[in-house]
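Single-letter residue listing:
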Amino acid sequence: MLYLIGAALVFLSVLKPSNKKLFILISLYIIFVFGFNTSNPDYGAYRLAYMNPYRQVTSIKEPLFLFVCRLFYKLSFGYIWFRLILAIVTVAILQYCIFKLSPYPNMVSVLFVTYPFALCVVQIRSFVSLSIVVMGITYYLEQRDKKKSAVVWLLLFIIIAAMFHYSAIIYCVLCISACRKTSHRLFLLAVITILWGIVIDNAKGIIEIAKKFVDETKINRYVSSPFQGGFFRSISLDLAFYTIFIRLIVVGVCVVYMLSRRDRPTEKAEYKFLDDNNVIFRMLLYTTIVSLALELGVSTTYSRISRLPLILAYILLSRYIYRSNENKAALWLTVFIYTFVYAYISFTTQKTVLMGEEMNQFNGVFRAIFENNLVLKYVRG
């Protein structure tokens, strides 16, 4: 049933990409799938962490996430209610930001549902931190011409997101986009490169310090043996090559568009729209470069970082299509088919473990998310 509803929402979104009522329906659909899911690779670990909030029974150590777990547990909420409320808040934040940033929020939403929504449902902390970072980006774009402190707020949002999942701290690279002068951006890039070099040279020592704060099994997941023995001594290519290649094509489309189109704004609002496009494009480019560098050179676990540039790409493409003179429905259908193919390749080539059995992500993640729903199980009897 969820597949049929999803297909109907895709069809309607192509026809009505900015309809508000349809946007609300899509948002409710996302909450329903996320909130009432009862089986996925990480479901047991999160349930165990929630039911034992004061004991270290899993590798979860992020302080804000543990605080939320303890708060709801103390209020006597069952795990399914905790998950549902978390779904409502997280999805509401993300959907609000998509609505604010995209002229065609319905299509951006269904692209997100196609990929990487299922992975976000599995990795709850990453999903929460992703939504918070997107909210920070939205606030920054709205306030950057009014407040000089907008970039500080963006950094604050990123730090808060990192308290739900430590990997979000990598999104600090977004702050480079706040620099209006190219020379300033290049300077920050140079500083980050130097700091990265220091990290590489002192990798083993930094890892030993990190073990005092983060579970060792998690460190081993995020830092592959090639990195511990010397950065890029042996590049880790566990991640399917095709997914990286297709992601680069998405960024390439945005690059070609930015280089080929010379928009001339006629009014202030239009100027801000185009200027925001430039900022979003830089954010997309920087986060893509960083995520690929981490995936290929450090650990494939960092593939979760690529979800932000994907959402930014969807938003940016929607803003490009909005100003295009071509058939918008045809363009959206092309983008959706491309995303669907990308999702299929990604889910069928990457592995996961569900109920102790290794399988591809199509069965272990995608089908597990859309075919295991508490409400639908109840309805079926």
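Residues numbered from 1 in each chain as written. Predicted model: local features only at pLDDT ≥ 70, side-chain atom pairs only at ≥ 80, totals over all residues. Heavy atoms only, no water.

Draft legend 1. Looking closely at the packing of helix H2 (residues 20-35) against helix H6 (residues 105-114). Between H2 and H6, the shortest axis-to-axis distance is 9 Å and the interhelical angle comes to 20 degrees. Taken together, the axes of H2 and H6 lie roughly parallel to each other. Crossing handedness for the pair H2 and H6: left-handed. Together, Leu22, Phe23, Ile26, Tyr29 and Ile30 of H2 and Pro105, Asn106, Ser109, Val110 and Val113 of H6 make up the contact between the two elements. Here the contact of H2 with H6 is composed, by residue class, of eight nonpolar, two polar and no charged. (Axes fitted to C-alpha atoms, helices over the stretch in contact; angles between N-to-C directions. Helix = DSSP H or I, 4+ residues; strand = E, 2+ residues; numbered from the N terminus. Parallel < 35°, antiparallel > 145°, perpendicular 65-115°, else oblique. Left-handed = near helix turned anticlockwise from the far one by under 90°. Contact = heavy atoms within 4.5 Å. Nonpolar A, V, L, I, M, F, W, Y, C, P; charged D, E, K, R; others polar.)

Draft legend 2. Representation of unusual backbone geometry in the model. A cis amide bond, omega 15 degrees, links Tyr115 with the succeeding residue Pro116. Take Pro116: it is sitting in the loop between H6 and helix H7 (117-122). For Ser76, which is not a glycine, the phi torsion comes out positive at approximately 70 degrees. Residue placement: Ser76 occurs in the loop between helix H4 (63-74) and helix H5 (79-101).

Draft legend 3. Inspection of the environment of Gly364 at higher detail. The topology assignment puts Gly364 in helix H18 (residues 361-370). When the C-alpha atoms of Gly364 and Pro41 are compared, they prove to be 6.9 Å apart, with 323 residues separating the residues in sequence. Discounting chain neighbours no more than four positions away, the residues touching Gly364 are Pro41, Thr352, Leu354 and Met359.

Draft legend 4. Summary view of empty space enclosed by the protein. Tallying each qualifying case throughout the model produces one cavity of 30 Å³ or more. As for the largest cavity, its lining consists of Cys120, Ser126, Phe127, Ser129, Leu130, Ser167, Tyr171, Arg304, Ile305 and Arg307. No other element matches the four residues that helix H8 (residues 124-143) contributes to the lining of the largest cavity. Residues belonging to the lining of the largest cavity are distributed by class as follows: five nonpolar, three polar and two charged. (1 Å grid on protein atoms, 1.4 Å probe; cavity = no way out; pocket = protein on both sides within 12 Å on 5 of 7 lines; lining within 4 Å. Points joined across faces, edges and corners; volume = space filled by probe spheres on them.)

Draft legend 5. Fine view of the side chain of Asn52. Of note, Asn52 is situated in the loop between helix H3 (43-51) and H4. Owing to a relative accessible area of 18%, Asn52 belongs among the buried residues under this scheme. (Buried < 20%, exposed > 50% of the residue type's maximum accessible area, 1.4 Å probe, protein only.)

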